[in-house]
Amino acid sequence: MTITNDDNDRHQNQCEKMEVNENLRSQYTIGSNDFILVDEVGERPKKNVKEKFHELSTCLNKNSKTVFTYKTITKRLPILQWWPTYTTEDGIGDLLAGITVGLTLIPQSMAYSALAGLPPQQGLYGSFVGSLMYVFLGTCKEVPMGPTAIVSLMTYNTLHGLGPVYGTLLCFLTGVIQLIMGVVGLGFLIDFISGPVNSGFTSAVAILIVASQIKDLIGVKAAGTTLLDMIISISKDISHYQLGDTWLGIICIVVILLLRRMALCQIGPKDVNEQTTFHRVMNRSMWLIGTFRNSIVVIVSSYVGYLYITSTGHDVTSNDLPPIPFKVVGKIPSGLPEFDLPKFSITRDNGTTIGFFEIVSSIGSGVIVLPIIALIETISICKTFADGKPVDATQELLATGLCNIGNSFFHAYPGSGSFSRSAVNAASGVRTPMEGLYAGILVIFALLFCTPYLYYIPKAALAAIIVAAVIFMVEVRVVRPIYRSKKSDLIPGLATFFACLVLPLEIGVLIGIGLNLVSILYHAARPKLLIEVHKTRDGINYLMVTPDRCLVFPSVDYVRNLVMKQSLKRELPVVIDCSHIYGADFTAAKVRKNNDVI
């Protein structure tokens, strides 16, 4: 037998085709293969305990080697990726951004802590440890860790006024759940919260936050977790309405909004290269003043409070309220918080002890929902500033979880990345996550040296900061794009919005997720079928039925009944085109075996 060159070429071409087919086959192994049918050829050889133990030890040894490789370590400690190339320019940019964010973070953290129903200092306690840890663990330079409006309201709805000890334990449990989700790979759960549901939730939270701050804007006492509860609670104490808080709050809101507008204004040509030095200096000055608007309002209003209190001769060391027309924050413990583990059991005044499981039971389902909401907020920021680059969601899960665990050791409550501070961070020219170091140091400085001056901060000013920040969270503009793209997406979005207003937030989110899942299951149970009449070479007519997706148990009866109906109606045999059916489950396979149609 003689082998020619043509035979060699033909053999080489066949090998190349086989290699291409193998490559194409490997491309379709990504994702879940639960419904893909796999034919097992022959019986698997049985293995004894020794052989199984050997395979397990080999697998563990292989995985341990991959865990401690340089690539894995740098992936889990992102600081090792950018620190070797860190320059002086990066340091200057991060320093300016850190100072800017820090001056925004201090008043915001105190305001958000009051929103969570906790002492103002607890917000400051959660503003420096997480920032320092995120320098080493974070992947997104724009993310500043700390208290946020959404997480603070979720904390308030979860704790129901249980107190700071419960808030610290909630922070620890939030971090642990987030860390477990990152280790196990449960980050895909966030994918079940669609854009419309997220928009509906965010808009409802913004309205609830504004409603919760009305009490401080008019100087009354109120509580409640839903919009109706807040309105009823405010109406009961409306007789103690104080005009001084209202006027101060309105003035602060107007000033903050005007300064915010100033930060967006520019003078001179739009092109920076065509601007003169005067134009650049003025634009930068206006941007700085607008960016520091919260700090400016707090400083000025605190000085007004100081003048009022000193004029009355009130003793600030006493526990009595100062006789002035508006309420102030009051005494705040000076110095850094002590390093301590969260309390897993609490002893009451009567000597009885509340165990860990009883504490968790009193916290309720919010201990599960709150970590997911915090992760959504952080990952959404990362995607917003990623500029099309992939986001390592697993690393963000690990980073956020560890930051919350670290915060819990310093008596903080749960936190996450903040949208408002992220925008300030990006506009400040941040270069790396090192910005968190300078912001954290600024908060530490405030705790060590500035707490006596925090006494004079009016509560109405902190409420104004929150209101001016969250009114822009109401996502009205997304309604029209959602309506134009797919009208049915408005159903889960609007349902989430109204459910979060009238029901607890965690139930409202679950309702939105449930409606999304119902939509997904409906489409899985009702595949589209293309039914055509074809003719064989011998002139025999038959029905060609082409499903557009795989057959799983919700869709089996629907497809079978439809095919049987069309077959009996036209009295034609049926041929099913399975080109789009990449797999099936047991129910579909069983029906196919017992029925000649499928």
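All values reported here derive from a predicted model rather than from experimental measurement.

Thresholds applied
Residues numbered from 1 in each chain as written. Predicted model: local features only at pLDDT ≥ 70, side-chain atom pairs only at ≥ 80, totals over all residues. Heavy atoms only, no water. Pairing = 2+ DSSP bridges. Helix = DSSP H or I, 4+ residues; strand = E, 2+ residues; numbered from the N terminus. Axes fitted to C-alpha atoms, helices over the stretch in contact; angles between N-to-C directions. Parallel < 35°, antiparallel > 145°, perpendicular 65-115°, else oblique. Left-handed = near helix turned anticlockwise from the far one by under 90°. Contact = heavy atoms within 4.5 Å. Nonpolar A, V, L, I, M, F, W, Y, C, P; charged D, E, K, R; others polar. UniProt positions renumbered as here; feature names shortened; annotations may be inferred. Phe/Tyr/Trp six-rings, centres within 6.5 Å; stacked < 30°, edge-to-face > 60°. Buried < 20%, exposed > 50% of the residue type's maximum accessible area, 1.4 Å probe, protein only. Expected span 1.5 Å × (residues − 1). Polar contact = N/O pair within 3.5 Å; in protein donor to acceptor, adjacent residues only side chain to side chain.

Trainee: Looking at this structure, I do not really get the sheet that holds strand β6 (residues 541–547). What am I missing?
Mentor: Picture the strands of a sheet paired through backbone hydrogen bonds; they go either parallel or antiparallel. Pairing within the open sheet is mixed, and its 3 strands lie in the order β5-β6-β7. Each edge of the open sheet is held by one strand with a lone partner, namely β5 (529–535) and β7 (574–576). Averaged over all adjacent pairs, the angle separating strand axes in this sheet is 25 degrees, with direction ignored. Sheet topology places β5 next to β6; 7 bridges connect them, and they run antiparallel. Residue pairing across strands places L529 opposite P547, the latter belonging to β6.

Trainee: Looking at this structure, I do not really get the packing of helix α5 (residues 88–115) against helix α19 (residues 419–427). What am I missing?
Mentor: Packed helix pairs are characterised by how far apart their axes lie and by the angle those axes make with each other. Where α5 contacts α19, the axes come no closer than 9 Å and their chain directions differ by 165 degrees. Regarding the angle of α5 to α19, the classification is roughly antiparallel. Seen from above, α5 lies across α19 with right-handed handedness. In this structure, α5 uses A97, T100, V101, T104, L105, Q108 and Y112 to contact α19, whose residues at the interface are S420, R421, V424 and N425. A breakdown of the residues in the contact of α5 with α19 according to their chemical character gives 5 nonpolar, 5 polar and 1 charged.

Trainee: What is the right way to read the UniProt feature "transmembrane region" (unreviewed entry) in the protein from this model?
Mentor: Sequence positions flagged by UniProt for "transmembrane region" (unreviewed entry) are, in local numbering, residues 165–190, 246–264, 285–309, 354–376, 437–455, 461–479 and 491–522. Regarding residues 285–309, the helix share stands at 96% and the strand share at 0%, and the terminal C-alpha atoms are separated by 33 Å.

Trainee: Is there a simple way to explain the packing of aromatic side chains in this structure?
Mentor: Here the distance between the centres and the angle between the planes together describe a pair of aromatic rings. In the structure shown here, the tally under the stated rule is 16 aromatic pairs. The interplanar angle of 75 degrees and the centroid separation of 6.3 Å between the aromatic rings of W82 and W83 together place this pair among those described as edge-to-face. Here W82 falls in the buried class, since its relative accessible area comes to 14%. Centre to centre, the rings of F128 and F410 are 5.9 Å apart; their planes meet at 65 degrees, and the pair counts as edge-to-face.

Trainee: Sorry if this is basic, but what is going on with helix α14 (residues 277–291) here?
Mentor: Each α-helix winds once per 3.6 residues, and so residues spaced three or four apart point in a common direction. Here α14 contains 15 residues, and its C-alpha end-to-end distance of 21 Å stays within 8% of the 21 Å for a straight helix at 1.5 Å per residue. Tucked into the core, α14 has its buried residues touching α5, α13 (243–264), α15 (293–312) and α19.

Trainee: I'm lost on the environment of L137 in this one. Help?
Mentor: Structurally, L137 is set in helix α7 (residues 129–137). Along the chain, L137 and T74 lie 63 residues apart, while their C-alpha atoms are 9.9 Å from each other. Excluding its chain neighbours within four sequence positions, the residues that come into contact with L137 are R76, L77, P78, Q395, A399 and L402.

Trainee: I tried to follow the environment of S418 on my own but got confused; where do I start?
Mentor: One can find S418 in the loop between β4 (416–417) and α19. As a C-alpha pair, S418 and E142 span 276 residues in sequence and 9.4 Å in three-dimensional space. Those residues in contact with S418, other than ones at most four positions away along the chain, are Q108, P144, T148, E377 and I381. For S418, the side chain forms a polar contact with the main-chain nitrogen of R421, separated by 3.4 Å.

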